[in-house]
Amino acid sequence: MPHILIINGHPNPTSFSRYLADAYAQAARGEGVGVEQINLCELDFDPVLHAGYRGTQELEADLVKAQESLAACDHLVVVTPVWWGSTPALLKGFFDRALEAKWAYHYSDKGIPQGHFTGRSARLLMTADSPGWYLRLFQGQPTLRQVVNSTMRFCGFGPVKVSRFSPVRTSNAQKREGWLVEAGRIGVQDAKKLLEAKQAGKKAGKKVKEKADPFAIRAELLKGK
């Protein structure tokens, strides 16, 4: 059974991001795929990478489990608001801590990043208080570029799709309800694509593109030290 992992990066447990994540998850489950949802505000971990990338920092139990969930997923969904042209510090800290060097990626001898999550698709569900045209023309889509290009694709996820819900600040209850319906529609769409890809592989007598194993890759890299 294909497996979807949803990571809700909003620190407020009753945020609109949480409602979007819930709507997506419920709809995707209805299509018969496995769905796991991680609400980062419920995890117990230090989001600060104290030594940067010059040392090691033992992962808390919740981050160990999150890594296992990331490795197991076929499709990753990240839900986040746009804060100061970036993401909430909680989500950024999760990326810093969980996406460890040599586990999520490594650099080739020529300095080119090699992601360890190939064979998996991804989606960004993003909320913002500014309209889309403003984010494109005056901000240059910083959050999208950070999460999609510099995190998801950097780590090997692809293809990566983006769904934006904005402006939230001036929206009314009817508009927000429509967005929740849309999040559910997207969940159904993504689940069906995963199931169709699996079925197409069976009919052709071959497996769906194999997922890379970040744990195995790290083990091989450490052998070659």
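Structure first, text after, so check above.
Residues numbered from 1 in each chain as written. Predicted model: local features only at pLDDT ≥ 70, side-chain atom pairs only at ≥ 80, totals over all residues. Heavy atoms only, no water.

### What about unusual backbone geometry?
- In this chain, glycine 158 is followed by proline 159 through a cis amide linkage whose omega measures 0°.
- Along the chain, the position of proline 159 falls in the loop between α5 (142-153) and β7 (160-165).
- Its identity is not glycine, yet tryptophan 84 carries a phi of approximately 50°, on the positive side.
- Its place among the elements puts tryptophan 84 in the loop between β3 (75-81) and α3 (89-98).
- The phi torsion at glutamine 141 lies on the positive side, around 55°, for a residue other than glycine.
- Looking at the element boundaries, glutamine 141 is found in the loop between α4 (132-139) and α5.
- Take glutamine 141: its relative accessible area is 18%, and that puts it in the buried class. (Helix = DSSP H or I, 4+ residues; strand = E, 2+ residues; numbered from the N terminus. Buried < 20%, exposed > 50% of the residue type's maximum accessible area, 1.4 Å probe, protein only.)

### Some details on the sheet that holds β3
- Spatial ordering of the open sheet is given by β2-β1-β3-β6-β7, a layout of five strands whose pairing is parallel. The sheet terminates laterally at β2 (34-39) and β7, the two strands that pair on one side only. Between one strand and the next, the sheet's axes are offset by a mean angle of 15°, whatever the strand orientation.
- Direction of pairing for strand β1 (residues 3-8) relative to β2: parallel, over a ladder of six bridges. Within the sheet, the bridge partner assigned to leucine 5 lies in β2 and is glutamate 36. (Pairing = 2+ DSSP bridges. Axes fitted to C-alpha atoms, helices over the stretch in contact; angles between N-to-C directions.)

### A look at the state of the cysteines
- Per the counting criterion, the structure on display carries zero disulfides.
- Between cysteine 41, a cysteine without a disulfide, and cysteine 73, which holds the nearest cysteine sulfur, the sulfur-to-sulfur distance is 20 Å.
- Here cysteine 41 falls in the partly exposed class, since its relative accessible area comes to 27%.
- Distance from the sulfur of cysteine 155, which forms no disulfide, to the nearest cysteine sulfur (cysteine 73) is 11 Å.
- Residue cysteine 155 is classed as buried on the basis of its relative accessible area, which comes to 4%. (Disulfide = S-S within 2.5 Å.)

### Quick notes on the packing of aromatic side chains
- Taken as a whole, this structure holds 11 aromatic pairs when the rule is applied.
- Judged by centre distance (5.7 Å) and plane angle (80°), the ring pair of tyrosine 105 and tyrosine 107 falls under edge-to-face.
- On the numbers, 6.3 Å between centres and 70° between planes, the contact of tyrosine 107 with phenylalanine 154 is edge-to-face. Placement of the pair is tyrosine 107 in strand β4 (residues 105-107) and phenylalanine 154 in the loop between α5 and β7, with a sequence separation of 47 residues.
- Ring-pair connections join several aromatic residues into one group, and the members of that group are Trp103, Phe117, Phe157 and Phe215. (Phe/Tyr/Trp six-rings, centres within 6.5 Å; stacked < 30°, edge-to-face > 60°.)

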